[in-house]
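# A look at the structure
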Amino acid sequence: MILGHHSKGKVVSTKFVYSFSEGNKDLKELLGGKGANLAEMMRIGIPVPPGFTITTDACKEYLVHGVAPVELEIQITKALRELEDEMQKRLGDKDDPLLVSVRSGAKFSMPGMMETILNVGLNDESIHGLIKQTNNPRFAWDAYRRLIQMYGKTVLEIDGHKFATELENAKSKQGVKNDHELTAETLSGLVATFKKIIITESGSEFPQDPRVQMDNSMQAVFHSWNTDRAKLYRRRERIADDLGTAVNIGTMVFGNMGEDSGTGVCFTRNPATGESGAYGDYLQNAQGEDVVSGIRNTLSLEDLARISPAIFTELRGIMYKLETHYRDLCDIEFTVERGKLWILQTRVGKRTASAAFRIAMQLVDEHIITMDEALLRVNGHQLAQLMFPQFDKRDAPSAITKGMAASPGAAVGKAVFDSETAIEWADRGDPVILLRRETNPDDLSGMIAAIGILTSRGGKTSHAAVVARGMGKTAVCGAEEMDVNEKEKFATIKSIRISEGDIISIDGSTGEIFNMELPVQPSTIVRYLTEGIVSANESSEEGIQELIRSVDRLLRHADRRRKLIVRANADTSFDAEIARKFGAQGIGLCRTEHMFLGDRRVLIERVILAKTSEHMYEALAALLPMQREDFNNILKEMDGYATTIRLLDPPLHEFLPNLPDLKVKTALARERNLVIDEDEELLDAVEKMYESNPMLGLRGVRLGLVSPGLYELQVRAIAEAMADRIALGANPIVEIMIPLVGSHMELKITRLAAERVISEVARERKVELPIQIGTMIELPRAALTANRIGLVADFFSFGTNDLTQTTWGFSRDDVEAEFFAMYLELGIFTVSPFETIDEYGVGELVSIATARGREVNPDLHFGVCGEHGGDPESIHFFHKTGLDYVSCSPFRVPIARLEAGRAAVS
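Criteria and cut-off values
Residues numbered from 1 in each chain as written. Predicted model: local features only at pLDDT ≥ 70, side-chain atom pairs only at ≥ 80, totals over all residues. Heavy atoms only, no water. Helix = DSSP H or I, 4+ residues; strand = E, 2+ residues; numbered from the N terminus. Buried < 20%, exposed > 50% of the residue type's maximum accessible area, 1.4 Å probe, protein only. Contact = heavy atoms within 4.5 Å. Areas by Shrake-Rupley, 256 points an atom, 1.4 Å probe, with all protein chains shown as cover. Lys, Arg positive; Asp, Glu negative; His and termini not counted. Charge placed at Lys NZ, Arg CZ, Asp CG, Glu CD. Pairing = 2+ DSSP bridges. Axes fitted to C-alpha atoms, helices over the stretch in contact; angles between N-to-C directions. Salt bridge = Lys/Arg side-chain N within 4 Å of Asp/Glu carboxyl O. Right-handed = clockwise from strand over helix to strand, strands pointing away. Expected span 1.5 Å × (residues − 1). Patch = residues over 30% accessible without salt bridge, like charges linked within 9 Å, V, L, I, M, F, W, Y side chains within 5 Å. Phe/Tyr/Trp six-rings, centres within 6.5 Å; stacked < 30°, edge-to-face > 60°. Core = buried A, V, L, I, M, F, W, Y, C linked by side-chain atoms within 4.5 Å. Parallel < 35°, antiparallel > 145°, perpendicular 65-115°, else oblique. Nonpolar A, V, L, I, M, F, W, Y, C, P; charged D, E, K, R; others polar. Left-handed = near helix turned anticlockwise from the far one by under 90°. Arc of directions from axis to C-beta. pLDDT = per-residue confidence, 0-100.

## A closer look at the overall build of the chain
Summing up its helical and strand segments, the chain has 36 helices and 33 strands in all. Overall size of the chain, expressed as C-alpha extent along the three principal axes, is 105 × 65 × 65 Å. Within the span of the chain, comprising 906 residues, buried residues form 56% of the whole. Considering only residue pairs separated by 6 or more positions, the chain has 69% of its internal contacts joining residues 24 or more positions apart. Of the roughly 38,600 Å² of accessible surface on the chain, 50% is carried by carbon and sulfur atoms. Of the side-chain charges in the chain, 104 are positive and 131 negative, and the distance between the mean point of each set is 3 Å.

## A closer look at the sheet that holds strand 2 (residues 51–54)
Reading across from one edge, 1-2-7-5-6 is the order of the five strands in this open sheet, with antiparallel pairing throughout. Strand pairing shows two members of the sheet lacking a second neighbour, strand 1 (17–19) and strand 6 (116–120), which therefore form its edges. Mean inter-strand twist for the sheet, computed between neighbouring axes without regard to direction, equals 20°. As paired elements, strand 2 and strand 7 (residues 245–251) share four bridges and run antiparallel to each other. Looking across to strand 7, one finds that threonine 53 is bridged to asparagine 248. Against the sheet, helix 1 (residues 28–43) touches strand 1, strand 2, strand 5 (100–106) and strand 7, its axis set at about 125° to strand 5.

## What to know about the pattern of salt bridges
In this structure the tally under the stated criterion is 61 salt bridges. With a closest N to O distance of 3.8 Å, lysine 494 and glutamate 481 form a salt bridge. Highlighted residues: lysine 494 in the loop between strand 21 (490–493) and strand 22 (496–499) and glutamate 481 in the loop between strand 19 (474–477) and strand 20 (482–485), separated in sequence by 13 residues. Look at lysine 494 and you get exposed, because its relative accessible area is 59%.

## A short note on the sheet that holds strand 33 (residues 885–888)
Around the barrel, which closes on itself, the eight strands sit in the order 26-27-28-29-30-31-32-33 with parallel pairing between neighbours. Put simply, the sheet's adjacent strands are angled 25° from each other on average, direction ignored. Summarising the sheet, strand 27 (residues 586–591) and strand 28 (residues 642–646) pair through four bridges and their orientation is parallel. If you follow isoleucine 587 over to strand 28, its bridge partner there is threonine 643. Sheet strands in contact with helix 28 (residues 710–727) are strand 28 and strand 29 (733–738), and its direction is about 170° off that of strand 29. Here helix 29 (residues 744–765) sits on the sheet and contacts strand 29 and strand 30 (772–777); the angle it forms with strand 30, its principal contact strand, is near 150°.

## A closer look at the pairing of strand 33
Judged by which residues are buried, strand 33 turns out to be covered on both faces: Tyr885 and Ser887 on one side and Val886 and Cys888 on the other are all buried. Sheet topology note: the strand 26 (residues 565–569)/strand 33 ladder contains four bridges and is parallel. Paired with alanine 568 across the two strands is cysteine 888, which belongs to strand 33. In this sheet, strand 33 lies alongside strand 32 (residues 861–864) in parallel orientation, the contact comprising two bridges. Residue pairing for strand 33: glycine 863 is matched across the bridge by tyrosine 885. What joins strand 32 to strand 33 is helix 35 (residues 872–881), and the crossover it makes is right-handed.

## Quick notes on helix 28
The end-to-end C-alpha separation of helix 28 is 26 Å, in line with the 26 Å expected for 18 residues at 1.5 Å each. By the criterion of burial, helix 28 is predominantly enclosed, with 14 of the 18 residues buried. Just downstream of helix 28 lies glycine 729, where phi reads positive at about 85°.

## Digging into the environment of alanine 449
Tracing the backbone shows alanine 449 in helix 17 (residues 444–449). Taking relative accessible area as the criterion, alanine 449 reaches 21% and is therefore assigned partly exposed. Expressed as a C-alpha distance, the spacing of alanine 449 and isoleucine 199, which sit 250 residues apart in the sequence, is 64 Å. Alanine 449 has contacts with Ala422, Ile423, Ala426 and Val432, leaving out every residue within four places of it along the chain.

## Describing a nonpolar patch on the surface
A contiguous nonpolar patch, built from Leu705, Val706, Met745 and Ile749 and spanning about 340 Å² of accessible area, is present on the exposed surface. Where the nonpolar patch is concerned, the elements lending two or more residues are helix 27 (701–706) and helix 29. With respect to the element layout, isoleucine 749 can be found in helix 29.

## Describing the packing of aromatic side chains
This structure, assessed with the given rule, holds 22 aromatic pairs. For the pair tryptophan 141 and tyrosine 144, a centre-to-centre distance of 6.3 Å together with 35° between the ring planes defines the contact as tilted. Here tryptophan 141 pairs with tyrosine 144, and both are found in helix 5 (residues 137–154), just three residues apart, close to one helical turn. Accessibility classification places tryptophan 141 together with tyrosine 144 in one group, the buried group.

## Digging into unusual backbone geometry
One non-glycine residue, asparagine 135, lies in the positive phi region at around 55°. You can see asparagine 135 is positioned in the loop between helix 4 (126–134) and helix 5.

## With respect to the nonpolar core
Ranked by size, the top nonpolar core spans 113 residues in total, and within it Phe357, Leu554, Ile736, Ile738 and Leu769 carry the most contacts. Among the elements that make up this core, the one with the highest residue count is helix 28 (10 residues). In contact with leucine 554, not counting residues within four places along its chain, are Phe357, Ala360, Met361, Met371, Ala374, Leu375, Val378 and Leu898. In this structure, Ile76, Ala184, Ile198 and Met252 belong to the second largest nonpolar core, which totals 58 residues.

## A look at the packing of helix 13 (residues 353–365) against helix 21 (residues 542–561)
Helix-helix packing is described using two parameters, namely the angle between the two axes and the distance between the axes. For the pair helix 13 and helix 21, the least separation of the axes is 9 Å and the interaxial angle reads 75°. Taken together, helix 13 and helix 21 sit at an angle that is classed as roughly perpendicular. Contacts from Ser354, Phe357, Arg358, Ala360, Met361, Gln362, Val364 and Asp365 of helix 13 reach helix 21 at Gly543, Glu546, Leu547, Ser550, Val551, Arg553 and Leu554. Across the contact of helix 13 with helix 21, the residue classes tally to seven nonpolar, four polar and four charged.

## A look at the packing of helix 5 against helix 7 (residues 184–202)
Two elements in contact, helix 5 and helix 7, have axes whose closest approach is 8 Å; the angle formed by their N-to-C orientations is 20°. Considering their axes alone, helix 5 and helix 7 lie roughly parallel with respect to each other. Judged by the sense of rotation from one axis to the other, the crossing of helix 5 with helix 7 is left-handed. Along the contact surface, helix 5 presents Pro137, Arg138, Trp141, Asp142, Tyr144, Arg145, Ile148, Gln149 and Gly152, while helix 7 presents Ala184, Leu187, Ser188, Val191, Phe194, Lys195 and Ile198. Broken down by class, the residue content of the contact of helix 5 with helix 7 amounts to nine nonpolar, three polar and four charged.

## Thoughts on helix 22 (residues 573–581)
Residues of helix 22 that are buried: Asp575, Ala576, Ile578 and Ala579. Down the axis of helix 22, the buried set is contained in an arc of 165°. They therefore lie on one face. The inward-facing, buried residues of helix 22 abut strand 26, strand 27 and helix 24 (613–637). Just past helix 22, the residue glycine 583 takes up positive phi, approximately 100°.

## Focus on the confidence of the model for the chain
When pLDDT is averaged along the chain, the result is 89; 91% of the residues meet or exceed 70. With pLDDT under 50 throughout, residues 2–11 is counted as low confidence; its partners more than four residues away or in other chains account for 19 contacts.

## A closer look at the environment of aspartate 483
Inspection of the secondary structure assignment puts aspartate 483 in strand 20. Taking C-alpha positions, aspartate 483 is 56 Å from glycine 121, a pair spaced 362 residues apart along the chain.

## A word on the environment of serine 707
As for its placement among the helices and strands, serine 707 is situated in the loop between helix 27 and helix 28. What makes serine 707 buried here is its relative accessible area of 6%. Separated by 91 residues in sequence, serine 707 and methionine 616 place their C-alpha atoms 8.5 Å apart.

The structure is reproduced here in structure tokens:
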């Protein structure tokens, strides 16, 4: 062991080593999940091989200083001697050796990410003692070759294929297929071969000192905390990098001592489906890694019951006891050594999304947990998995490339490269996937027609991703290996060419792309939530029915418990209808600029480019009836629920003609002496309005102030639509939201103008129009001056997409593809701030604005309408901050309902 002196000679009393008999399941942060559960099992009388745990504190000290704490060696020696006394054996003794395993064990389960070394203590002398004690030379030599193989790969970092190749050669030479068929002589020869590999690859011999083996194995486990695969896993699972891992040193028990021995893994319920019963795998005459690695075909627990009824009965009793004790699905590793059952590990088992919901409600019905606890056993990510179609990949080939998983789901269709073709082919009944370098608002019609969207550029908050999620469309973005030729209508990925009409499959949950048709499994849950029905086949399947009941019961309980209202972002009556079916309690964001995409875009273009007031009013007059009808239809769907309508907030580049295209068109016309005055005038106007950064340019309230009559027209359309609904006996509840406010004066001026229009309509229609007027907080200045803005607002709605962009100084459409991957790799981000709220920066601004606004105006209400409104982790922050509602895309409403309930009970 490398000893350190960072304590400068001072004796430190930190306890770094705990016997399995000292801890309990509540000490996971110190002992890791494995160590804490081993101690807990020992405490409740489960047969656990004795041992001790080296704490995560020791690991953190080692990783920080590069050396183990001075006192650790002494504490390990004491614990080892106590273990030797208990077992009445000595580590590596030449006559009757104690052998130990050295295993990792972090606070949170990270299966397969860190290291394990078995049979530590064997050497050229103790191997003969083991043979003498067991009278089983084959077993002993097999244990020794396993130790050398694992030590070489894990501690010395030798390529594992070198050992595996020699093992395969030995089986081939002896003429057998399986490891357990090798003779003692062959295994003895393998030991010698493995030792040569150690010398050749490391320059030193395999250590014969058992204590050196154990200490070096411990350090290898510490090192494994920071392997690339472990760091990647932690990023994906959002596990902190500073937790460290514990090391568990336990007495070896052997499942490879003959046919009366074996090893296995079992679950107290089926982790794939949630069905109750005993599920697991068993291997006779094997060690634990044989089951995990899949090198042999396993037996079922039913086979174990036939082979050894007494062991099976004892195991079932332990499974029942552990599930009752932990009050959850348990994952259990066990070994049978010469007819004696040992439990090596237990943990709360990982499970699929469907199993999570079913098991939670089973445990409620069995009176093991409460409904509140059941709500905490599931989460929004799992519900999302159940809501989106999924591929059946059991026989699928490898993906041809991978992009960002932008919007979950499974889509199979013909490749198309423009919106017109997408619409045409979809109209004739062909499912299509729209391939683009990147999408823009003009692609909306094609995106609606397509069942999936695939782009070579952009990230999880790109246009394609945001729109796809809002529509519940599958999307993969930023597939950098894909080169899209939109003009010639084909794409290439490496050497593979995808032409228009070729069938492709995209997985929005993983980002994988396949150049073939994969079978798709539709979502039963979405059909049930929106229509209340399932197919005939599904209705006869007990498991499907139980899943539906479980999801329904948990969502209803979440609704009873949550404090946050859940609204939806909806721009059309169709969106509003879907949102209501999913349980939305209103609209938190109706983006009026989205009503003018596609064919209607020219109408806004005419308003912006109007040269005279007469032209302006003509353009506005054309908009009024369309807007009134749009609002009328939305208010009809949301009758009795609040509808927040945001006035126009278009970045100019989305609604003006493309400047480069105009320049090319005009230049070509000049060459041919075909210059048209209107084209020249249009080019001149667009050049004057050109912006280097349109996201921070003339948009939002600024556009409303410099385009007299624009916002007044929208307010009139809203007020008239509200009056129309009231005349029909309906109960419309309307809120008008002013976007991109940075100064209270912007809001004050705009509000006064809006109130004048509302009063005019109220007088004309002889009806009261109680319309609230508020603002979207999406600029840091707005958040910091909320005490002033709050005096002239009825509500704040946090536009966290733009607030994140302006707080970080990021261009949302560019940065994810450019450097976010590196930021995640370096640990600057644990997750994209556009995906989950940045609590320390953006979240702090939300907290400040909420507190300052509420201080000057107790009647203010607060919500969030950015993408974060449907993000499970962010919803917990908004609950804690004291917001009144969250608003998200319609397909995320059930997820938000569930997470709002979880936030309230956690």
